[in-house]
Number of protein chains: 2
Amino acid sequence: MYFLFKADWILVEKKAKRTKQSINREELESRILRSAEVLFAEKGYSGSSMEAIAVTANISKQNLIYYFPNKELLYKRVLKEMLDIWIEKLSFLETQGDTPEAVIRRYVREKMQLSRMYPNGSKVFAHEIISGAPVLKEYLISHLKPQFDRDVMLVKSWINKGLVDDIDPEHLFFTIWAATQTYADFSVQMEVLLGKHRLDEDDFERAELAVTDFVVRALGAKKNN
Amino acid sequence: MYFLFKADWILVEKKAKRTKQSINREELESRILRSAEVLFAEKGYSGSSMEAIAVTANISKQNLIYYFPNKELLYKRVLKEMLDIWIEKLSFLETQGDTPEAVIRRYVREKMQLSRMYPNGSKVFAHEIISGAPVLKEYLISHLKPQFDRDVMLVKSWINKGLVDDIDPEHLFFTIWAATQTYADFSVQMEVLLGKHRLDEDDFERAELAVTDFVVRALGAKKNN
DNA sequence: CTTATTGCTGACCTAAAAGACAAGTTGTTG
DNA sequence: CAACAACTTGTCTTTTAGGTCAGCAATAAG
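Residues numbered from 1 in each chain as written. Chains lettered and ligands numbered in written order. Predicted model: local features only at pLDDT ≥ 70, side-chain atom pairs only at ≥ 80, totals over all residues. Heavy atoms only, no water.

Before we go on, may I ask you to explain the relation of the copies chain B and chain A in this structure?
Relating one copy of the chain to the other takes a rotation about an axis and a shift parallel to that axis. After a rotation of 180° and a shift along the axis of 0.0 Å, chain B superposes on chain A with an RMSD of 0.1 Å. Taken together, the turn and the small shift mark the pair as related by a two-fold rotation axis. Both copies present the same face, since 98% of the interface residues in chain B are matched by interface residues at the equivalent positions in chain A. (Least-squares fit on C-alpha atoms with pLDDT ≥ 70 in both. Contact = heavy atoms within 4.5 Å.)

Just checking my understanding: could you explain the interface of chain B and chain A for this structure?
Accessible area lost upon the coming together of the parts serves often as the stated size of an interface. Between chain B and chain A, the residue contacts involve 54 residues of the former and 54 residues of the latter. Here chain B and chain A share an interface that buries about 4,700 Å² over both sides, 70% of which is from carbon and sulfur atoms. Among the residues of chain B in contact with chain A, Ile130, Leu193 and Phe214 of chain B are the three that bury the most area, contributing 16% of the side total. On the surface where chain B and chain A come into contact, there are six salt bridges. Between Arg206 of chain A and Glu170 of chain B there is a salt bridge, with the nearest N and O atoms lying 3.1 Å from each other. Summed over the shared surface of chain B and chain A, the result is 15 residue pairs in polar contact (both at pLDDT 80 or more). For the side of chain B that touches chain A, the elements supplying multiple residues, two or more each, are helix H1 (20-47), helix H6 (119-130), helix H7 (137-160), helix H8 (169-185), helix H9 (187-194) and helix H10 (201-219) of chain B. (Buried area = accessible area lost by both parts, 1.4 Å probe. Salt bridge = Lys/Arg side-chain N within 4 Å of Asp/Glu carboxyl O. Polar contact = N/O pair within 3.5 Å; in protein donor to acceptor, adjacent residues only side chain to side chain. Helix = DSSP H or I, 4+ residues; strand = E, 2+ residues; numbered from the N terminus.)

Would you take a moment to explain the protein's contact with DNA strand D for this structure?
In the vicinity of DNA strand D, 20 residues are found, and the nearest of them are Met50, Lys61 and Lys71 of chain A together with Arg25 and Tyr67 of chain B. When atoms of DNA strand D within 4 Å of the protein are split into backbone and base, the sugar-phosphate part holds 55%. A distance of 2.8 Å is found between a phosphate oxygen of DNA strand D and a side-chain nitrogen or oxygen belonging to Lys71 of chain A. The side chain of Tyr67 of chain B places a nitrogen or oxygen atom 2.8 Å from a phosphate oxygen of DNA strand D. Residue assignment for the surface near DNA strand D shows that the elements contributing at least two residues are helix H1 (20-47) and helix H3 (61-67) of chain A together with H1 and helix H3 (61-67) of chain B. Classifying every residue of the surface near DNA strand D by side-chain character gives five nonpolar, 11 polar and four charged. (Near = heavy atom within 4 Å. Nonpolar A, V, L, I, M, F, W, Y, C, P; charged D, E, K, R; others polar.)

Structure follows, in structure tokens:
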């Protein structure tokens, strides 16, 4: 799973002899990554200093640099962690016997859950894309596009079979992504508008229902085959 | 229109004697603002140096500072310019005799056009909200929320009158905003996925059609009253 | 137990970036 | 056209941030 970027990932694949040190290393690395994620999400890449990340992770700056020799590497690792999760959880494969509606419902639900569970990773990703994807562009071309093309084809086949209405498949995906990811990225705006300090369980429940419902209606999906 | 933030806007309301200097000043100010907008959109607040903004605007850094004595002020002005445009163009008022569908169609179209015409402003706004809206939070509370509440009420009245289906009004708006703004903020991702260098006239046409259609279907709006 | 490896820290160094200041230039106005 | 205001630039200071390096501390391996 270390295929994402050229040569500049830290490769840690040496038999893993779980000594006291290696355990500590793992724990500390993930603490650093979580801290970095929070800061990158909130302040962006340039706005997050190594010093600040170190403080958040409760270590010294030099120690941080010991684990991640430079900031760009750290940033790429944070992005990578997020993408790994997304790839793992988001396949749009047509399960045997599933109706389009079922596939879509599952897809929307999983995207919503990612927004709910990894809001910071999502924000880091958003900053990156808005900024023109300087780091991720290659990845989008090599990994996301093929999957996208495949998924679009699938929806087209649904249309041809008359299982769903004649909608625009590409823009359907853009809308689904936007509508789901917004619950991570723009949560502050929603909190203000809903008059809450935090979006809670219930809000996400409603959101998931609403968005799923919108999408299903848009598809005009026929329930029985 | 200078009510947005406390006291730190530059107030320029002195009778405007259109001399050679004042014309030049206006021209230069807007050139600076456009340059700043581009950089803030791409690099975020911290990633954009005054030096770089000056270079982009083709003036010296010292001259930039003469016009905008500090970076934060410049940033706020960029945000303000964007918000002024949005407020001006986005009212969800029920025009006499208009059906819900017509109102919604107009609303979506206008939001799409904002994404198309002011992608950079939109990106700056997105960065700001994702970052927790440190500058804009007050504004969201005082200006956006009241308008939002009003618009939600309107949709509820539509529902009560049976003009549209029983959808979730709050989340309807969240979805519309997300689905339209994504064409500004995530344009790079779409370019990659559609295999284009730039989203063109035609893409936006299709996008507008798709999103409008999507929303109208979600509403289940009845065409005749 | 002692040697090698890994983890951690403090003292630097360098570059960039915000912006203060003073001095010069250009345009405006009585 | 003289005096004043608006504009522009070069120089300097301070702060911050990324990162190096040498050495000390803790742990693992023989």
